[in-house]
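Commentary on secondary and tertiary structure
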Amino acid sequence: MRHTLARTAALCIVLACAMSIGHPGVQAQQRQDSGQWTTYSGDYNAQRHSSLTQITPANVGRLAVQWIFQSGVSGRFEATPLVVDGIMYLTGPDNYAWALDARTGRQIWRYRRQLPEGLNICCGRVNRGFAINGDRLYMTTLDAHLVALDARTGNVLFDVEIDDHKKSYTATVAPLIVKDKVIVGIAGAEYGIRGFIDAFDANTGKKAWRFWTVPEPGQPGGNTWSGDSWQRGGGSTWVTGAYDPSLNLVYWGTGNPAPDSFGDARLGDNLYTDAVVALDADTGTLRWHYQFTPHDVHDWDAVQVPILADITMNGAPRKVLMTANRNGFFYTLDRANGELLRARPFVRTTWAQEIGRDGKPILLEANRIGPEGTVTCPDVGGGTNWMSPSFNPATGLFYVTTREVCAKFYAFPQQFQPGHLYWGGAVEAIPGEPGYGALRAIDPVSGLVRWEFKYPRPSMGGTLSTASGLVFAGEEDGNVMAFDAASGKNLWRLQTGAGLRSGPMTFMHNGKQYIVVASGGAVIALALQDGR
Amino acid sequence: MRKLTWWTMAIVIGLAAGVPFAQQPEPTNPVQGNAQAIDQGQQLFRLSCASCHGLNAKGLRGPDLTTGQFVRGGSDSQLFRTVMQGIPGTDMPGAQFSDATPDQVWALIAYLRTLSGPASEEEARGNAQNGETLFWGKATCGQCHMVRGRGGRLGPDLSRIGVTRSRTALIKEIRTPSGSFTDGFWPVTVVSRDGRRIRGVRKNEDPFSLQIMDTNERIQSFDHSDLREVVREKSSLMPDYGADRLTDAELDDVIRYLRSL
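All chains use their own residue numbering, which begins from 1 and follows the written sequence. All chains are assigned letters beginning at A, and all ligands numbers beginning at 1, according to the order in which they are written. Given that this is a predicted model, residues contribute local features only at a pLDDT of at least 70 and side-chain atom pairs are listed and counted only at 80 or more, while totals for whole chains, interfaces and linings are drawn from all residues. The basis for the side-chain values is all heavy atoms of the structure; hydrogens and waters are excluded.

**With respect to the overall build of chain A**
Scanning chain A from terminus to terminus reveals two helices and 38 strands. Atoms counted for the radius of gyration: C-alpha only. Globule rule: 2.2 Å times residue count to the power 0.38. A globule of 532 residues ought to have a C-alpha radius of gyration of about 24 Å, and chain A, at 22 Å, matches this closely. If one aligns the C-alpha atoms of chain A with their principal axes, the spans along those axes are about 65 × 50 × 45 Å. For every residue, the accessible area (1.4 Å probe, protein chains only) is compared with the maximum for its type, and the residue is labelled buried under 20%, exposed over 50%, or partly exposed between those bounds. Residues classed as buried in chain A amount to 67% of the 532 residues present. The positive count covers Lys and Arg only, the negative count covers Asp and Glu only, and His and the chain ends enter neither. One atom stands in for each charge, and that atom is NZ of Lys, CZ of Arg, CG of Asp or CD of Glu. Here chain A contributes 47 positive and 48 negative side-chain charges, whose respective centroids are spaced 6 Å apart. Secondary structure elements follow DSSP: runs of H or I no shorter than four residues count as helices, runs of E no shorter than two count as strands, and numbering proceeds from the N terminus.

**Some points on the packing of helix α6 (residues 128-136) of chain B against helix α9 (residues 248-259) of chain B**
Residues and elements named next belong to chain B. At a minimum axis distance of 7 Å, the contact between α6 and α9 shows a crossing angle of 95 degrees. The angle between α6 and α9 falls in the class roughly perpendicular. The residues of α9 that touch α6, namely those facing Ala-128, Asn-130, Gly-131, Glu-132, Leu-134, Phe-135 and Trp-136, are Glu-250, Asp-253, Val-254, Arg-256, Tyr-257 and Leu-258. Residue classes in the contact of α6 with α9 are distributed as seven nonpolar, two polar and four charged. Note on geometry: axes are lines fitted to C-alpha atoms, helical ones only across the stretch in contact, with angles between N-to-C directions running from 0 to 180 degrees. Roughly parallel refers to an angle under 35 degrees, roughly antiparallel to one over 145, roughly perpendicular to one between 65 and 115, and oblique to any angle outside these ranges. By definition, residues are in contact when any of their heavy atoms lie within 4.5 Å. Gly falls in the polar group here, along with every residue not listed as nonpolar (Ala, Val, Leu, Ile, Met, Phe, Trp, Tyr, Cys, Pro) or charged (Asp, Glu, Lys, Arg).

**Some points on the pattern of salt bridges**
Side-chain pairs of opposite charge can arise where the charged atoms are in close proximity. Salt bridge, as used here: a side-chain nitrogen of Lys or Arg that lies within 4 Å of a carboxyl oxygen of Asp or Glu. Under the definition given, this model contains 38 salt bridges over all chains. With a shortest N-O distance of 2.9 Å, Glu-78 of chain A and Arg-128 of chain A are connected by a salt bridge. A residue pair is termed long-range when its members are at least 10 positions apart, and Glu-78 of chain A in the loop between β2 (63-70) and β3 (82-84) and Arg-128 of chain A in the loop between β6 (107-112) and β7 (131-133) qualify at 50 residues. Arg-128 of chain A shares its class with Glu-78 of chain A; the two are buried. Close ionic contact of Glu-250 of chain B with Lys-138 of chain B constitutes a salt bridge, the shortest N to O distance being 2.7 Å. Taken together, the residues span a long stretch of sequence, with Glu-250 of chain B in helix α9 and Lys-138 of chain B in the loop between α6 and β1 (146-147) at a distance of 112 residues. A residue is classified by how much of its surface remains accessible, and Glu-250 of chain B, at 17% relative accessible area, is buried.

**Brief notes about the confidence of the model for chain A**
pLDDT expresses, on a scale from 0 to 100, how confident the predictor is about each individual residue. Predicted confidence across chain A gives a mean pLDDT of 93, with 93% of residues reaching 70 or more. Below a pLDDT of 50 lies the segment residues 1-31 of chain A, which in the model reaches 44 contacts outside its immediate sequence neighbourhood of four places, other chains included.

**Concerning the nonpolar core**
Residues and elements named next belong to chain A. Buried residues of nine kinds, namely Ala, Val, Leu, Ile, Met, Phe, Trp, Tyr and Cys, make up a nonpolar core once their side-chain atoms join them within 4.5 Å. Core analysis: the biggest nonpolar cluster contains 50 residues, and Leu-63, Met-88, Tyr-89, Phe-130, Phe-472 and Val-523 have the highest contact counts within it. Examining the composition of this core, we find that six residues originate from one element, strand β38 (residues 522-528), more than from any other. Within the second largest apolar cluster, 35 residues are counted, among which are Ile-162, Tyr-169, Ile-186 and Tyr-243.

**Here's the deal with the packing of aromatic side chains**
Where two aromatic rings form a pair, the distance of their centres and the angle of their planes describe that pair. All names here are of chain B. A pair of Phe, Tyr and Trp rings is counted when the ring centres sit within 6.5 Å of each other, with Trp represented by its six-membered ring. The angle between the planes then sorts it: under 30 degrees is stacked, over 60 is edge-to-face, the rest tilted. In total, this model carries 30 aromatic pairs over all chains according to the counting rule given. The interplanar angle of 55 degrees and the centroid separation of 5.6 Å between the aromatic rings of Phe-45 and Tyr-111 together place this pair among those described as tilted. Linking Phe-45 in helix α2 (residues 35-48) with Tyr-111 in helix α5 (residues 102-115), this pair joins segments that are 66 residues apart in sequence. On the numbers, 5.2 Å between centres and 65 degrees between planes, the contact of Phe-181 with Trp-186 is edge-to-face. We classify Phe-181 as buried; its relative accessible area is 12%. Lying across the ring of Phe-185, Lys-203 places its NZ or CZ 4.0 Å from the centre. In this scheme, Lys NZ or Arg CZ marks a charge over a ring once it lies within 6 Å of the ring centre and within 35 degrees of the ring normal. Here the basic side chain of Arg-245 rests over the ring of Tyr-241, its NZ or CZ set 5.8 Å away from the ring centre.

**Concerning the side chain of Arg-440 of chain A**
Residues and elements named next belong to chain A. Tracing the backbone through its elements, the reader meets Arg-440 in strand β30 (residues 436-442). Among the polar contacts listed, one links the side chain of Arg-440 to the side chain of Glu-404, at a separation of 2.8 Å. At 2.8 Å, the side chain of Arg-440 forms a polar contact with the side chain of Glu-452. Those residues in contact with Arg-440 that sit more than four places away from it in its chain are Phe-346, Val-347, Phe-398, Tyr-399, Val-400, Thr-402, Glu-404, Val-449, Trp-451 and Glu-452. Residues adjacent in sequence count toward polar contacts only when both atoms are side-chain atoms; beyond that, a polar contact is any pair of N or O atoms within 3.5 Å, and within protein one must be able to donate a hydrogen and the other to accept it.

**Brief notes about the interface of chain A and chain B**
Contacts between chain A and chain B engage 35 residues on the former and 23 residues on the latter. By buried area we mean the combined loss of accessible area, with a 1.4 Å probe, across both parts when two parts are placed together. Here chain A packs against chain B, burying approximately 2300 Å² in sum over the two surfaces, 55% of which is carbon and sulfur. Considering only the surface of chain A that becomes buried against chain B, Gln-417, Leu-421 and Pro-456 of chain A emerge as the three largest contributors, covering 21% of it. Counting the contacts that link chain A with chain B gives zero salt bridges. Linking chain A with chain B are seven residue pairs in polar contact (both at pLDDT 80 or more), by the criterion used here. In terms of residue count, strand β29 (residues 425-429) of chain A provides more of the side of chain A that touches chain B than any other element does, five residues in total.

**Side note on the environment of Ala-309 of chain A**
All names here are of chain A. Within the secondary structure, Ala-309 is located in strand β19 (residues 307-313). By relative accessible area, which is 4% here, Ala-309 ends up buried. Measuring from C-alpha to C-alpha, the distance between Ala-309 and Val-320 comes to 5.5 Å, with eleven residues separating the pair along the chain. Once residues lying within four places of it in the same chain are set aside, the contact partners of Ala-309 are Gln-47, Arg-318, Lys-319, Val-320, Met-322, Arg-335 and Phe-391.

**Quick look at the state of the cysteines**
Residues and elements named next belong to chain A. The disulfide criterion used throughout: a pair of cysteine sulfur atoms within 2.5 Å. Applying the stated criterion across every chain yields a total of two disulfides over all chains. Linked covalently through their sulfurs, Cys-122 and Cys-123 form a disulfide whose S-S length is 1.8 Å. A torsion of -95 degrees about the S-S bond marks the disulfide between Cys-122 and Cys-123 as left-handed. A relative accessible area of 48% places Cys-123 in the partly exposed class. Two residues, Cys-377 and Cys-406, share a disulfide whose sulfurs are 2.1 Å apart. On the sign convention where negative is left-handed, the bridge of Cys-377 and Cys-406, at about 100 degrees about the S-S bond, is right-handed.

**Some remarks on the layout of surface pockets**
Residues and elements named next belong to chain A. For cavity detection a 1 Å grid was placed over the protein atoms alone, and a set of points counts as a cavity when a 1.4 Å probe fits there but cannot get out; an open set counts as a pocket when protein lies on both sides within 12 Å along at least five of seven lines, with lining residues being those that have an atom within 4 Å of a point. Grid points are joined across faces, edges and corners, and a volume is the space filled by probe spheres set on the points. By volume, the second largest pocket is sized at about 420 Å³. What lines the second largest pocket is a set of 22 residues, among which His-295, Val-297, Asn-367, Arg-368 and Ile-369 lie closest to the centre. Tallied by class, residues from the lining of the second largest pocket come to eleven nonpolar, seven polar and four charged.

**A word on the pairing of strand β8 (residues 136-140) of chain A**
All names here are of chain A. Within β8, four of the five residues are buried, which leaves it mostly tucked inside the rest of the structure. Two strands qualify as a pair provided DSSP detects at least 2 bridges between them. As judged from the three bridges shared by β7 and β8, these two strands associate in the antiparallel manner. Looking across to β8, one finds that Asn-133 is bridged to Arg-136. Taking the residues between adjacent antiparallel strands as the criterion, β7 and β8 are bridged by two residues, where Gly-134 takes a positive phi near 65 degrees. Sheet topology note: the β8/strand β9 (residues 145-150) ladder contains five bridges and is antiparallel. Looking at β9, one finds that Thr-140 is bridged to Leu-146. Between β8 and β9, which pair antiparallel in sequence order, lie four residues; one of them, Ala-144, sits at a positive phi of approximately 60 degrees.

**Things to note about the sheet that holds strand β12 (residues 181-184) of chain A**
Residues and elements named next belong to chain A. With respect to topology, four strands assemble into an open sheet ordered β11-β12-β13-β14, the strand pairing being antiparallel. Where the open sheet ends on each side, the last strands, each with one partner, are β11 (176-178) and β14 (207-212). Shown here is a sheet whose adjacent strand axes are inclined to one another by a mean of 20 degrees, direction ignored. Two elements, β12 and strand β13 (residues 196-201), share four bridges in a ladder whose sense is antiparallel. The residue bridging Val-182 from the neighbouring strand is Phe-200, located in β13.

Here it is as structure tokens:
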């Protein structure tokens, strides 16, 4: 079959010109329908739900490997690749990045950032992917910079500091393009940073606004921190959020307060940690917030991807935001004002009896931790974690990889020292109780689990939904799997040989629908062998 | 081309002749005794080491680190190497495979130095030679456990058990072996569709398949779809070695032997 990259490149140029008119970010959202994958979660709703229907429950059994890209880089992939006009854009561990021919997996270019020594990185030298705007790619780096690359060459167009890595700031998040801005989050709460969400001008890299996730005294929420604890209060923002163009609101999850476990160092609710914040996309002004875990002592970041959908609740249409939280509860919120509509546990939870009418958890004894240790469920990894959920508007179900694990949590006093781990506690596994994992389908109206598929081990793989009624998921023991979205029946599987830690994605090219997963240091593209 | 100086010539000749020019001194801990580093080391220990060595470092599954005695060597550079590279063939992982920096490992060692005290008198109990005789004889440990190429395969190889288990952990694991199992040794009973039951230890499993070693030491592979049930046993295939099977004195002997491995 003839295929020229020149044709693809020419198309890129045409589209790039087209995208320079109007709001390219909005176009990026719409282009998901054309078989591209242009942003971390597929579109602004962050549903990770594709309109593509070539691969169906009836034919998914014939899914076969088309190509495998071996990156040659050690470490794990947590990125979702982007695909625009036949080119795949991928980031990997240690801020490597690649452009690949999406049809063959062959490399077009490779980028590697020279990173400084001695970075304080709590949880893996990973990256979650690019954002794309026209012919520009944007990625964050482990030394807390935002880098713009030329999509056709990988050349650096600009490189700006988000914040000082010597203050333990680091970045792993895939940026989000909204209109003419690149929105990024930050990481480093385990080293006592003060978190924020930043927006940069997509053309110049100039800072447009900053929203501090930990307010200072005198600002709204500033009175939820004792003493000067706000200065090192954590609240990282390391997973990409969502955007509602009609409300012009950006929704972003925030991470744990610091220190993680020694809550006495920061008395109060510790706003806006472990929350979702709704920000005006143009100014970064806070419109509303909802805090899932006030005064968290279990490292239950609320950075999970918030999914936006329009659903019917109690007979009325509601614009909702849905999230399965690390604390073990599933939440449905009104995304215009943050009103809590539903909250129900989706895994075993022993720290809170329920979420009260005031939106706050009604705490149980197992929430208190100290030097003697307390067994609490879920564990530090949470009922779920950063792995992407998905939502199918047709089934009305929310698909999420869940973890059924408990742990013994300890808290100890700890003085803050710049550059040093700031946890103030310890976490022990329960001997003889390794726990397990499961893919679960949750009804956001009732909060009830409709079906599940169990995994022997707790997993950290994301999910993908397609309009043909399929859910794709990856698990820790190396399987990528397809399920019937309505029933949960397993329809297909492939053992890839390494745990899957990133979210699957799909795209259409030359009439063929591909499913892409990252496994270990490799990226695998799957399609129907005969293209039908 | 630039001329070689006498000095560079000398280096070239020296290297060619295999002459070491300078003995590299063993690195010592740059943060030894530094209060901030010790505090940081304690925090790292609690998060990364306590699950095996205990919150007080007195040993759980892993050995007691407060005795001042380290099997793999107790100098700064030896400890650094052990923490950084782990101990092959044991549960001790290497920090180099995590996000740990060399500075953090030095801080950890600075903390460990604050814990060092005299070796426990408990360690000196028992007679290793008697223990070895019991191991291969009356106690029948060797039926399931291998030591340096001799013995059974169903249980973990114990050739290096002295490096990785404290006396306290060994007592618990011999007297009451059920409760917690090393990966690869979880006891399972596989029930086939026709009701056949096969007992063994789980070598691996994913949502679709299961690999076990049965009690005859055969490796078997199953698809979950072909099985009626997989019973995840709470009890170890190893019996409890209560005082009726092994007196306290005999237990001391066996442990002394194991600690010598």
